[in-house]
Amino acid sequence: MRGLPFTDELYAYGKREQYLSDSAYTGDGYESTNVTFAANLSWDINDSLTFRSITSTRDQDWGVLFDVDATHYVFFDWWDHQIWEETSQEFQLLGGGDRLNWVVGIYYHDFEELTKDQIWETWEQPGNVNQGRVRTVPRYRHRESLIARDDVAIFAEVVYDISDQLSLTVGARYSEEDFYSEIYANGEGIREPHMGTTLFGRVPRRDAHGVPFIFNASFDALTPRIALQYQFNDNVMGYITRAEGFNGGGVNSNFDSELPNSGITPYDGELLTNYEIGVRSDLVDNRLRLNATYFWGTWDDIQVGEILTPGQPTTTNAGEAEISGLEVESVWRATDSFLVNFTLAILDAEYTDVGLATTIQVGDRFPYAPETGYSVGLQWDNDLSSGGSVMVRFDYGWIDDVVTFRDRRFHWPSLANHDYGLASGRITYTPAAGNWDVALFATNLTDEYYRMGGFPAVLAGIDQGVVGRPREFGVTLRMRL
């Protein structure tokens, strides 16, 4: 905005270090109605055969305001309103004997999402000058769309104990996904930010021939799994697995006249082939638990999000990507009253073939994929003569820097999401009866200012981040009835 001190040096990556922004929006910042139902049924038909049913439904109507510019200036507000309807049903039949166990099943999932975005952007109006100042106008636009998915899968898995120590697992899953979308007419105009509406117009958008923008697509895949598990002794187990995973494709459904085919483009499903080697162990008279996992895998037709015009994410298929990593976790009971836990994660993920994508390059990093992270926890448990107890705990976790978007143009040299470490502490008192406890806690003890995540809208001049909570102290009281 002309005449305003709005520069990267002043504002980029939270340099003001303030937990506030500003908006001319007068409605509720967040509203949500959520109704969820879940039911699990298990029937032991006989000693070797069990039937299970897993049912869930969710209806959610929610809206949220994004102050996209994230500053004390008011020039980019976004109200996002969505209605979700979701149902899933799974039936399983499980059986087995002395050396053989198996499960077969069918899964159904239905999902429908109705979305309305209302956007207010205040930009300079060319050629309109009042008393030497360029006039700004609030440009309003909204867009609506409907997306629906129907997923059906059948699956089976067999576990066979080859010996008392060695077992083999073989399974497969066949999935079919049907995708459906409708795109509705956009609205534009000059309007001050007031409040978002929960009403949907659902006026069909039509092409030059009067045909409504309605799209269908179907995807299917067969994904096998095989695993070997070996029990070295009562305390050490090792395993190796090979598994495939499938994620269906779809159709980009946000209309944008500046993109090819107005942004209405399909994308294919993606397939991950993953290998894993691991060990699980309880050592030193069961005082030390040590688990380690090494994994590596390859994506085919991996889906990537690209920003081709401001504020318009488009999903495209890149060719291939590779991932590998190591995870270690341990818990050590040093004494009857002192506990130490530790975790370590090492990750390497990058694109090896860009395929149809235009904004990434071979070797680019995955977003939100830190190369290294670790955590350490110390806990002291003290039994009191009164019969109560005091627990003192300290935790520290560190995470490496990450990029927040795949697009190389948004991999800032200054690393908006830089590495950070957080320390926290807690002291808990529990009386002898054990029916309540009280705790003093502190989080982010060093008062780190850090970004937990974010997304770039750099083509519009903005890179937005989600700021972590500052140092906080508190008291909790829990009652057990």
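Preceding this paragraph is the structure being described.
Asks: So what exactly am I meant to see when it comes to the environment of Gly 278 here?
Replies: Residue position: Gly 278 is located in strand S12 (residues 270–283). What makes Gly 278 buried here is its relative accessible area of 8%. In the structure, Gly 278 is positioned 16 residues away from Tyr 294 in sequence and 6.2 Å away in space, judged by C-alpha atoms. Setting aside anything within four residues of it in sequence, one finds Gly 278 in contact with Met 237, Gly 238, Tyr 239, Ala 292 and Thr 293.

Asks: Teacher, can you tell me more about unusual backbone geometry here?
Replies: Most peptide bonds adopt trans geometry, and most residues besides glycine take a negative phi value. In this structure, Asn 444 takes a positive phi of about 50° despite not being glycine. The class for Asn 444 is buried, based on a relative accessible area of 5%. Located in the positive-phi region is Asp 447, a residue other than glycine, with phi close to 55°. Mapped onto the elements, Asp 447 comes out in the loop between strand S21 (436–443) and strand S22 (451–457). Given the relative accessible area of 37%, Asp 447 is considered partly exposed.

Asks: I would appreciate a short explanation of the packing of aromatic side chains in the present structure.
Replies: Each pair of aromatic rings is reported with the distance of its centres and the angle of its planes. If you walk through the whole model with that rule in mind, you get 12 aromatic pairs. Centroid distance Tyr 351 to Phe 366: 4.8 Å. Interplanar angle 35°. Geometry classified as tilted. Taken together, the residues Tyr 351 in strand S17 (residues 338–353) and Phe 366 in the loop between S17 and strand S18 (372–383) connect sequence positions 15 residues apart. Using a relative accessible area of 12% as the deciding quantity, one classes Phe 366 as buried.

Asks: Whenever I open this one, a negative patch on the surface confuses me. Can you help?
Replies: A contiguous patch of negative charge, built from Asp 268, Asp 300, Asp 301, Glu 320, Glu 322, Asp 348, Glu 350, Asp 353 and Glu 371, is present on the exposed surface. Broken down by element, the negative patch gets its largest block of residues, 3 residues, from S17. Its location among the elements puts Glu 322 in strand S16 (residues 320–333). Residue Glu 322 is classed as partly exposed on the basis of its relative accessible area of 41%.

Asks: Quick question: what am I supposed to make of the nonpolar core here?
Replies: Soluble globular proteins: nonpolar side chains tend toward being buried together. Ile 302, Val 304, Tyr 351 and Phe 366 are the most contacted members of the largest nonpolar core, which has 13 residues in total. Only strand S13 (288–300), S16 and S17 provide two or more residues apiece to this core. Other than its neighbours up to four places away in sequence, Val 304 contacts Thr 314, Thr 315, Thr 316, Ala 318, Tyr 351, Ala 357, Ile 360 and Arg 406. Core analysis: the next-biggest nonpolar cluster, separate from the first, contains 7 residues, Ile 183, Phe 213, Phe 219 and Val 251 among them.

Asks: Any chance you could explain the side chain of Thr 428 here in plain terms?
Replies: Locating Thr 428 in the fold gives a position in strand S20 (residues 420–430). Thr 428 has contacts with Ser 389, Val 390, Met 391, Asp 437, Val 438 and Ala 439, leaving out every residue within four places of it along the chain.

Asks: Just to check I follow, could you spell out the pairing of strand S2 (residues 49–67) for this structure?
Replies: For a regular strand, side-chain orientation follows a simple rule: the groups alternate between the two sheet faces. Summarising the sheet, strand S1 (residues 30–46) and S2 pair through 16 bridges and their orientation is antiparallel. Bridging from a neighbouring strand, Asn 34 pairs with Gln 60 of S2. Between S1 and the antiparallel strand that follows it, S2, lie 2 residues. Relative to strand S3 (residues 76–96), S2 is paired through 19 bridges, and the arrangement is antiparallel. Residue pairing for S3: Arg 52 is matched across the bridge by Gln 92.

Asks: Sorry if this is basic, but what is going on with the pattern of salt bridges here?
Replies: A side chain of one charge can pair with a side chain of the opposite charge when the charged atoms of the two come close. Using the criterion set out here, one finds 13 salt bridges in the structure. When the shortest N-O distance is used, the salt bridge between Arg 225 and Glu 157 registers 3.2 Å. Of this pair, Arg 225 sits in strand S8 (residues 214–233) while Glu 157 sits in strand S5 (residues 133–161), and the two are 68 residues apart along the sequence. For Glu 157, a relative accessible area of 27% corresponds to the partly exposed category. Arg 333 is the partner of Asp 381 in a salt bridge, and the nearest nitrogen-oxygen pair spans 3.7 Å. One end of the pair, Asp 381, is in strand S18; the other, Arg 333, is in strand S16, with 48 residues separating them in the sequence.

How each quantity is defined
Residues numbered from 1 in each chain as written. Predicted model: local features only at pLDDT ≥ 70, side-chain atom pairs only at ≥ 80, totals over all residues. Heavy atoms only, no water. Helix = DSSP H or I, 4+ residues; strand = E, 2+ residues; numbered from the N terminus. Buried < 20%, exposed > 50% of the residue type's maximum accessible area, 1.4 Å probe, protein only. Contact = heavy atoms within 4.5 Å. Phe/Tyr/Trp six-rings, centres within 6.5 Å; stacked < 30°, edge-to-face > 60°. Patch = residues over 30% accessible without salt bridge, like charges linked within 9 Å, V, L, I, M, F, W, Y side chains within 5 Å. Areas by Shrake-Rupley, 256 points an atom, 1.4 Å probe, with all protein chains shown as cover. Salt bridge = Lys/Arg side-chain N within 4 Å of Asp/Glu carboxyl O. Lys, Arg positive; Asp, Glu negative; His and termini not counted. Charge placed at Lys NZ, Arg CZ, Asp CG, Glu CD. Core = buried A, V, L, I, M, F, W, Y, C linked by side-chain atoms within 4.5 Å. Pairing = 2+ DSSP bridges.

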